[in-house]
Every structure is written in C-alpha cells, then in structure tokens.
Amino acid sequence: MTPQVTGSSFTELTPTVAKSSGCGCDSNSSATVERDEKLQERIAKHPCYSEEAHHHYARMHVAVAPACNIQCNYCNRKYDCANESRPGVVSELLTPEEAAHKVLVIAGKIPQMTVLGIAGPGDPLANPEKTFRTFELIADKAPDIKLCLSTNGLMLTEYVDRIKQLNIDHVTITLNTIDPEIGAQIYSWVHYKRRRYRGVEGAKILLEKQMEGLQALKEADILCKVNSVMIPGINDQHLVEVNKMIRENGAFLHNIMPLISAPEHGTHFGLTGQRGPSQKELKGVQDQCSGNMKMMRHCRQCRADAVGLLGEDRSQEFTKDKFLDMASEYDYDKRQEVHEGIEKFREELKVAKEKAVEKVQVASVKDNPKILVAIATKGGGLVNQHFGHAKEFQVYEVDGREVRFVSHRKVDHYCQGGYGEAATFDNIVKTIADCQAVLVSKIGDSPKDKLLQAGIQTVEAYDVIEKVALEFYEQWIKE
C-alpha cells in the first residue's frame, strides 16, 4: 500500500504508486550551487548514497563474481544460505545473461528499484569479464537503472576507464585501515600479479592500490563510498584517521559498519572469538567522524544477492528456478511514471516535515538533552508499522529541534502465534534498551505494559517520523 500525503495527514489508499542530502559545501556562489544541484541529482534515487532516498527506492545485487583476490579475516563466501543476511553470502551464482534477465524481471515487478550493484560474493574486479558483461547487458536494455560496484580496490586502477565508459557512477571501496601493521591483522593474504603476499607486505600492497584507486575515481568524477569494518581492539580507534584521509582524497561518503562475527559463520574472526562493536561503540566512532564528512548510518550490510528496499530482502522471491520462467516486464515509461509519483510524495513529505519542525520546537534547545527513539516503519519516512510486525527498528536521535537518523537495529517478529514470544520480547527490549520510547502504528496492551515496565514508553501514531518524534520529545521534556 502507498502512503498518500495531504498537508501533514496520512492515510493508506489503493496501491497506485510503489512506495537529503548534499555535499556539505557552504559556498553561496552560483557555480557551487549548480555543482551541488548536479550532485544531488546523482544521488537522489540511490538508497545507499542518500539516507532520505532509502525510505523510497530499492536496490538489487546480482551474484556474478565468485572469485576474490584477498582473504579478509571477517569474510567467508558461502552459498545456499537463504537465512543469512551479511556480505559475501548468496544462495546461487548467476551467469551475466541470467543476471541481466533477473534485473529486467525485477525492474518490472519492483519499479522503485533504481540501482543495480555487483558486490560479490567475491570481488567484481577479480571477475572482470563476468562483471562488465553483466553491466553491458543491463546498460543496453535498462538505461534508467544506476550501475554500482563494490570492490576491495586492489585492481581498481586497472579498470577505472572501463568503469567510466560504462557510466558506472558509484563505486564502493572497502578500506579498513591506512596502516599496514593493522592491515596485517585484518587480511590473511593478498593475491596480486600471480603472487600471494601475507602479513604487512600484503597489506601494504593493498593499501597502495586502494589509495591509487581512490584518486583515480576522483579524477574520473565517479562518486566513491568507502566502507570500513569496525573491529574492536584492532582498528576501532584508528578509523578517525581513515576518515580524515579518505575525505582529503575525494571520498563522498563513509560507511563505518560493525564487524559481524559468530563462530557459525566460519570466519577467522568468528572462530577466534573476535567480538563486534556494541551499538554505543559504533555510534561513538561514527559521531567522531561525522564532523569531517558525510556518514552513512543506514547501511544494512546486504547479501550479495539482496533485492528490495534497504531493511527488507526479497531475494527468495526471485531465485533462479523462479525468475528464469518469468517474462521480462521492464517498461521504461511505466517506471518513470512510478518515479514521478514517488518524487511527488517525497516533496509533500518534505513540506510536512518542515511544518512539523516549525510547530513542535522545544524552548531552550541548547540545554535540552538528546534522547533516542525507536521507530517501527515500513518505509516512506513514516511511523506506519505494527510493533509485532517489525523486523527492525530505525533509531533516531531527538533534541527538541532536530530528529536525526542514527542507526537501525534488527529484531525478530514479536507476533509468532504464541510461540517463543517471551524470548523474542526480551531480545527486543535488550535491542532498544537505550531508547526512551518506541513509535509504532499499533501495539497490543501486553507488550505495551511490558515495555513500560522496562522503562520504554510507547507512542501509537501514523504520521511523519519527525512530527511524531518531536511531539513525544515535547511531552517527555515536560515530564
């Protein structure tokens, strides 16, 4: 169902349309304004590069690149893992032709899908023929879909010209350190020019190629996002230095994401007991870096075959045995019509947010504390999901004037027909324990009472996230 906006009130009507960021420059010159507007156009429909866009537009990855030229201690490329959601995991590999057909099928069935990425399960540039053949097929048949790739950067300088030629406008480099000594603790080996290098030697080669690649992307005017995996005790304190360096070398966006580490994943870190960061630790490092450059806080650390909005995964609807029998429904004009509807909705939502902020602002903002609130949302920038149906909560920081997205936190469904709900509820409380309230469209009396006992208030509403959060804050500060 599509949220429809009239002023600042919202209702769900018939499904007609499938359901802000800037560069951070303060110059008022006309040239700068024009440059910023062009940059905004490049990211406006990209759910990874624009936090606001991720509420409305979907992405998909195709798994055509199995080989990798480095071995990270946090990675284990696994197959047939339909229930795992983390990078490097896929259910099945595709040929470029199969991948292109899948993209055209999904572009018809999910018209708000605007981005096609190749992110593995290995490294796209360690599989250049398969990667670029896939992009060629899609660029020819679906010109409105943005093309992206994610790479460790080892071979990036070798292929920047090809990337530019294919109009791949967004490239992500996973860069975890600028210190080879630290790199030796993160990478088991690096395979470069038919030789395998280990320890500091391998990490030094990788870092040199990553820095050359970052500079090459800047010169080619290709937007670069840098992913950094935060590993407590290894690179956590070092990531501020990484952030400063990538900003000085032209990166557009920095995504500091938590190490995913569990023994069952079979990674070196998982098997040796290396822990991931807590939510507080992750936010602390992100906050330290946020003054330097634009931070990505809405990453979901997607599978290499993810499909749908960030925060949802519809990949199992489009497995090979299903999509190969589906006819391509790609229709450029129909997709543009849907996108026009989304943009109209976004503009109305923007007006509603501005009215909410004007109407609900708490006096003496300077002295007011910041609090966290958890939001149950199906997207669209609205509080619009039942507490029991939430698979994740989006967490916002509120200070009486601003409502700022800071993280997402995955949970299991609370409503499970009476089975395992007690354990699930305990996990939900633990996940959002630092939040003052949870904002939902509906919640039952029993979980509402239990949350209150745990010190978490509940607010039932169906409206713009900013409006509901500010109204709660106004009441909270009075109390």
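Everything quoted here is computed from the prediction, not taken from an experiment.

K.L.:
Explain the overall build of the protein chain to me, please; I cannot follow it from the model alone.
P.N.:
What the protein chain contains, in helices and strands, is 14 helices and 19 strands. Carbon and sulfur atoms make up 47% of the accessible area of the protein chain, which amounts to about 21100 Å² in all.

K.L.:
Where do I start with the side chain of Asp123 in this structure?
P.N.:
Looking at the element boundaries, Asp123 is found in the loop between strand E5 (113-118) and helix H3 (128-141). What makes Asp123 buried here is its relative accessible area of 3%. In terms of polar contacts, Asp123 uses its side chain to reach the backbone amide nitrogen of Leu125, at 2.9 Å.

K.L.:
So what exactly am I meant to see when it comes to the environment of Glu471 here?
P.N.:
Its location among the elements puts Glu471 in helix H14 (residues 465-478). The class for Glu471 is partly exposed, based on a relative accessible area of 30%.

K.L.:
I would appreciate a short explanation of the packing of aromatic side chains in the present structure.
P.N.:
In this description, a pair of aromatic rings is defined by centroid distance and the angle of the planes. Overall, the coordinates contain six aromatic pairs when judged by the stated rule. Summarising the aromatic geometry, the rings of Phe387 and Phe393 are spaced 5.9 Å apart at their centres and angled 35° between planes, so their arrangement reads as tilted. The same class applies to Phe387 as to Phe393, namely buried. Ring centres of Tyr473 and Trp476 lie 5.6 Å apart, and the angle between their planes is 40°; on these two criteria the pair is classed as tilted. In this pair, Tyr473 and Trp476 are both assigned in helix H14, three residues apart and thus about one turn of the helix distant. Through pairs of rings, three or more aromatic residues link up here, namely Phe387, Phe393 and Phe425. Of note, Arg196 hangs over the ring of Trp189, and the distance from its end group to the ring centre comes to 3.8 Å. Note that Lys450 overlies the ring of Phe425, its terminal NZ or CZ placed 5.6 Å from the centroid.

K.L.:
What should I look at first to understand the sheet that holds strand E3 (residues 58-61) in this one?
P.N.:
Strand pairing within a sheet occurs via backbone hydrogen bonds; the two strands may be parallel or antiparallel. Pairing is mixed across the open sheet formed by seven strands, whose spatial order is E11-E10-E7-E6-E5-E3-E12. Looking along the sheet, the strands with just one partner apiece sit at the ends: strand E11 (253-258) and strand E12 (307-308). Against the sheet, helix H2 (residues 96-109) contacts E3, E5 and E12, and its axis sits at roughly 160° relative to E5. On the sheet, helix H9 (residues 279-290) packs against strand E10 (223-230) and E11 and is oriented at approximately 165° with respect to E11.

K.L.:
How do you make sense of helix H7 (residues 239-248) when you look at a structure like this?
P.N.:
It helps to recall that an α-helix has 3.6 residues per turn; residues three or four apart then point in one direction. Among the residues of H7, Leu239, Val242, Asn243, Met245 and Ile246 are the ones counted as buried. In the core, the buried residues of H7 are packed alongside helix H6 (199-219), E10, E11 and H9. Taken from the residues just after H7, Gly250 is the one with a positive phi, measuring 100°.

K.L.:
For this particular structure, what's the right way to read the sheet that holds strand E15 (residues 392-398)?
P.N.:
Taken in spatial order, the five strands make up an open sheet running E16-E15-E13-E17-E18, and their pairing is mixed. Edge positions in the sheet fall to strand E16 (403-410) and strand E18 (457-460), since each of these pairs with one other strand and no more. Neighbour-to-neighbour, the strand axes of this sheet turn through a mean angle of 25°, independent of strand direction. Of the strands in this sheet, strand E13 (371-375), E15, E16, strand E17 (437-440) and E18 are in contact with H14, which crosses E13 at around 135°.

K.L.:
Sorry if this is basic, but what is going on with the confidence of the model for the protein chain here?
P.N.:
Confidence along the protein chain averages 85 in pLDDT terms, with 86% of residues attaining 70 or more. Below a pLDDT of 50 lies the segment residues 1-27, which in the model reaches 70 contacts outside its immediate sequence neighbourhood of four places, other chains included. Note that residues 79-84 has pLDDT below 50 and, in this model, 18 contacts with residues that lie over four places away or in other chains.

K.L.:
Sorry if this is basic, but what is going on with the pattern of salt bridges here?
P.N.:
When charged atoms on two side chains of opposite charge get close, those side chains can pair. One pass over the full model with this rule turns up 23 salt bridges. A single network of salt bridges, built from pairs that share partners, joins Lys283, Asp287, Arg297, Glu397 and Arg404.

K.L.:
I'm lost on the pairing of E17 in this one. Help?
P.N.:
Along any regular strand the residues' side chains alternate between the sheet's two faces. Across the two faces of E17 the burial is the same, with Ala437 and Leu439 and Val438 and Val440 all buried. With three bridges connecting them, E13 and E17 associate as parallel partners. The residue bridging Val373 from the neighbouring strand is Ala437, located in E17. Relative to E18, E17 runs parallel, the two being bridged by four bridges. When the bridges of E18 are listed, Val440 appears paired with Glu460. With respect to chirality, the unit in which E17 leads through helix H13 (residues 445-453) into the neighbouring parallel E18 is right-handed.

K.L.:
Sorry if this is basic, but what is going on with the packing of helix H4 (residues 156-165) against H6 here?
P.N.:
Relative orientation and spacing of two packed helices are given, respectively, by the angle between their axes and the distance between those axes. As a packed pair, H4 and H6 sit with axes 9 Å apart at the nearest point and diverge in direction by 20°. Considered as vectors, H4 and H6 are oriented roughly parallel to each other. The interaxial crossing formed by H4 with H6 has right-handed handedness. Where H4 abuts H6, its residues Leu156, Thr157 and Val160 lie against Lys209, Glu212, Gly213, Leu214, Ala216 and Leu217. Of the residues belonging to the contact of H4 with H6, the class tally is five nonpolar, two polar and two charged.

K.L.:
Can you help me understand the nonpolar core in this one?
P.N.:
Among soluble globular proteins, nonpolar side chains are generally buried collectively. Met113, Leu116, Phe135, Ile168 and Ile246 are the most contacted members of the largest nonpolar core, which totals 57 residues. Sorting elements by how many residues they give to this core places H2 first, with six residues. Residue contacts for Leu116: discarding those within four places in its chain leaves Met60, Val62, Val103, Phe135, Ile138, Ile145, Lys146, Leu147 and Cys148. Counting residues in each nonpolar core, the second largest holds 31 residues, with Ile43, Cys72, Val229 and Leu310 among its members.

K.L.:
What should I look at first to understand the pairing of strand E9 (residues 195-198) in this one?
P.N.:
Looking at chain direction, strand E8 (residues 187-192) and E9 are connected through four bridges and run antiparallel. Note on E9: the bridge partner recorded for His191 is Arg196. Between the end of E8 and the start of E9, which pair antiparallel, lie two residues, with Lys193 showing a positive phi angle near 50°.

K.L.:
I'm lost on the environment of Gly120 in this one. Help?
P.N.:
Along the chain, Gly120 falls in the loop between E5 and H3. Gly120 gets classed as buried once you look at its relative accessible area, which sits at 0%. Setting aside residues no more than four positions away along its own chain, Gly120 makes contact with Val62, Ala63, Val64, Ala65 and Ala304.

Calculation notes
- Residues numbered from 1 in each chain as written.
- Predicted model: local features only at pLDDT ≥ 70, side-chain atom pairs only at ≥ 80, totals over all residues.
- Heavy atoms only, no water.
- Helix = DSSP H or I, 4+ residues; strand = E, 2+ residues; numbered from the N terminus.
- Areas by Shrake-Rupley, 256 points an atom, 1.4 Å probe, with all protein chains shown as cover.
- Buried < 20%, exposed > 50% of the residue type's maximum accessible area, 1.4 Å probe, protein only.
- Polar contact = N/O pair within 3.5 Å; in protein donor to acceptor, adjacent residues only side chain to side chain.
- Phe/Tyr/Trp six-rings, centres within 6.5 Å; stacked < 30°, edge-to-face > 60°.
- Lys NZ or Arg CZ within 6 Å of the ring centre and 35° of its normal.
- Pairing = 2+ DSSP bridges.
- Contact = heavy atoms within 4.5 Å.
- Axes fitted to C-alpha atoms, helices over the stretch in contact; angles between N-to-C directions.
- pLDDT = per-residue confidence, 0-100.
- Salt bridge = Lys/Arg side-chain N within 4 Å of Asp/Glu carboxyl O.
- Right-handed = clockwise from strand over helix to strand, strands pointing away.
- Parallel < 35°, antiparallel > 145°, perpendicular 65-115°, else oblique.
- Left-handed = near helix turned anticlockwise from the far one by under 90°.
- Nonpolar A, V, L, I, M, F, W, Y, C, P; charged D, E, K, R; others polar.
- Core = buried A, V, L, I, M, F, W, Y, C linked by side-chain atoms within 4.5 Å.

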